[in-house]
Amino acid sequence: MNPIRLAIVGLGKIARDQHLPAIAKTAGIELVAIASRNAALDGVAHFATLEEMLASGTPIDAVALCTPPQVRRAQAQAALEAGKHVLLEKPPGATVSEIGPLVAAAQASGRTLFATWHSRFAPAVEPARAFLAACALRSVTIIWKEDVRVWHPGQDWIFEPGGLGVFDPAINALSILTRILPRPVFVTSAHLAFPANRDAPIAAELDLADAGGLPIRAELDFLQTGPQSWDIAIETDRGTLTLSAGGAKLFHDDAPLIDAKEAEYAGIYRHFVELIGAGACDVDLAPLSLVADAFLLGRRSLAAPFDY
Ligand code: NAP
């Protein structure tokens, strides 16, 4: 079979750091075009916008949308209507309700829509899911604290409406949580702190539960300097299972079970190739729904103004 001819839209941090190397390593897919307002790559067709690329008639089978969530829905709709398979960076959109029409457009055109959750491809996630399926769960604690100035330098879109603020990284924890727990979870209370000059939160605390009353607590912060924390600890009747480093490491009590090199995006592109081959879609809105519910339920407070 010929390789899938892929275009990247938005050549920013994640496209350069993760998508380009993962595509280069993945059998069955090749990068043939870039749509970027600001950047080009040697040897790859370049267009300023997705619309220009689609109008050019350049043979492309699929697009990976690596743009901010606020502009992705319109891009995904245009690409699906032009008969392209679509890979969405996380979060799948700026709202929950905008995704249904994209699923309908993918079904109408018989194309693949893949809403990626890169953290679900971290090496500790599937082993943790298997471990937890055989335990009684007592509590879950999520600590997701990172330095926005280090990981998202100058990305003002994160603090604009639809940019999610601290939930841009924290939704990764929720994507892991909703994969590894045996039962669906829901938000019971939230507190969101908004910088006085911004429209998205810079810190948050969430309480969640499942139907059995499992207590789940999440502490989220975007101003963590020094050591960074991307940890989920689950107390069970068989001890404490801890995913750390965003799911690259797994501990049972203090014993290390997994300490692997991060390879999330290679897993994403393998799955995209499989989905296209199978004529299937993969769209799970559970993590984005939890974030939306945190905004619906959350008490709000004002924090100090934030500038990069
Ligand atoms: P970024 O560095 O700001 O890159 C986004 C790119 O999208 C920009 O470089 C720009 O590309 C394009 N873009 C920005 N605003 C646009 C607009 N208004 N209209 C059209 N294109 C626009 O952001 P990023 O960190 O790569 O994040 C992109 C997405 O990936 C986000 O949803 C984020 O949550 C997700 N993600 C990020 C990370 C991370 O560590 N940074 C990790 C995993 C997932 P051009 O200049 O090329 O047009």
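Computed from a prediction, not measured in an experiment: that's the story for all the values here. (Residues numbered from 1 in each chain as written. Predicted model: local features only at pLDDT ≥ 70, side-chain atom pairs only at ≥ 80, totals over all residues. Heavy atoms only, no water.)

Side note on the domain arrangement of the chain
In many analyses, interface size is given as the accessible surface area lost on bringing the parts together.
Consideration 1: As far as domains go, the chain holds domain 1 (4-115) and domain 2 (120-260 + 292-303).
Consideration 2: Here domain 1 and domain 2 have C-alpha centroids that lie 27 Å from each other.
Consideration 3: Contacts between the two partners involve nine residues from domain 1 and, on the opposite side, 13 residues from domain 2.
Consideration 4: Roughly 810 Å² is buried in total at the junction of domain 1 and domain 2, and carbon and sulfur atoms are behind 64% of that figure.
Consideration 5: Summed over the shared surface of domain 1 and domain 2, the number is one salt bridge. (Domains from an automatic or database assignment. Contact = heavy atoms within 4.5 Å. Buried area = accessible area lost by both parts, 1.4 Å probe. Salt bridge = Lys/Arg side-chain N within 4 Å of Asp/Glu carboxyl O.)

Quick look at the pattern of salt bridges
Consideration 1: Summed over all chains, the structure comprises twelve salt bridges.
Consideration 2: The shortest N-O distance in the salt bridge between K145 and E219 comes to 3.6 Å. Separated by 74 residues along the polypeptide, K145 in strand 7 (residues 137-145) and E219 in strand 10 (residues 216-221) bring together distant segments of the chain.
Consideration 3: Taking the relative accessible area as the measure of exposure, E219 reaches 28% and is therefore partly exposed.
Consideration 4: Each of E126, R129 and R179 takes part in a single network of salt bridges with overlapping partners. (Helix = DSSP H or I, 4+ residues; strand = E, 2+ residues; numbered from the N terminus. Buried < 20%, exposed > 50% of the residue type's maximum accessible area, 1.4 Å probe, protein only.)

Things to note about the site of the ligand
Consideration 1: Residues in close proximity to the ligand total 23 residues, the closest being L11, S36, N38, R72 and D168.
Consideration 2: Within the side chain of N38, a nitrogen or oxygen atom sits 2.5 Å from an oxygen atom of the ligand.
Consideration 3: Contact distances for the ligand include 2.5 Å between an oxygen atom and a side-chain N or O atom of D168.
Consideration 4: Protein chains shield 81% of the accessible area of the ligand, which is 870 Å² for the free molecule.
Consideration 5: The element best represented in the shell around the ligand is helix 3 (residues 69-81), accounting for three residues.
Consideration 6: Of the residues contributing to the shell around the ligand, the split by class is ten nonpolar, seven polar and six charged.
Consideration 7: Summarising the domain contributions, the shell around the ligand has at least three residues from each of domain 1 (4-115) and domain 2 (120-260 + 292-303). (Near = heavy atom within 4 Å. Polar contact = N/O pair within 3.5 Å; in protein donor to acceptor, adjacent residues only side chain to side chain. Areas by Shrake-Rupley, 256 points an atom, 1.4 Å probe, with all protein chains shown as cover. Nonpolar A, V, L, I, M, F, W, Y, C, P; charged D, E, K, R; others polar.)

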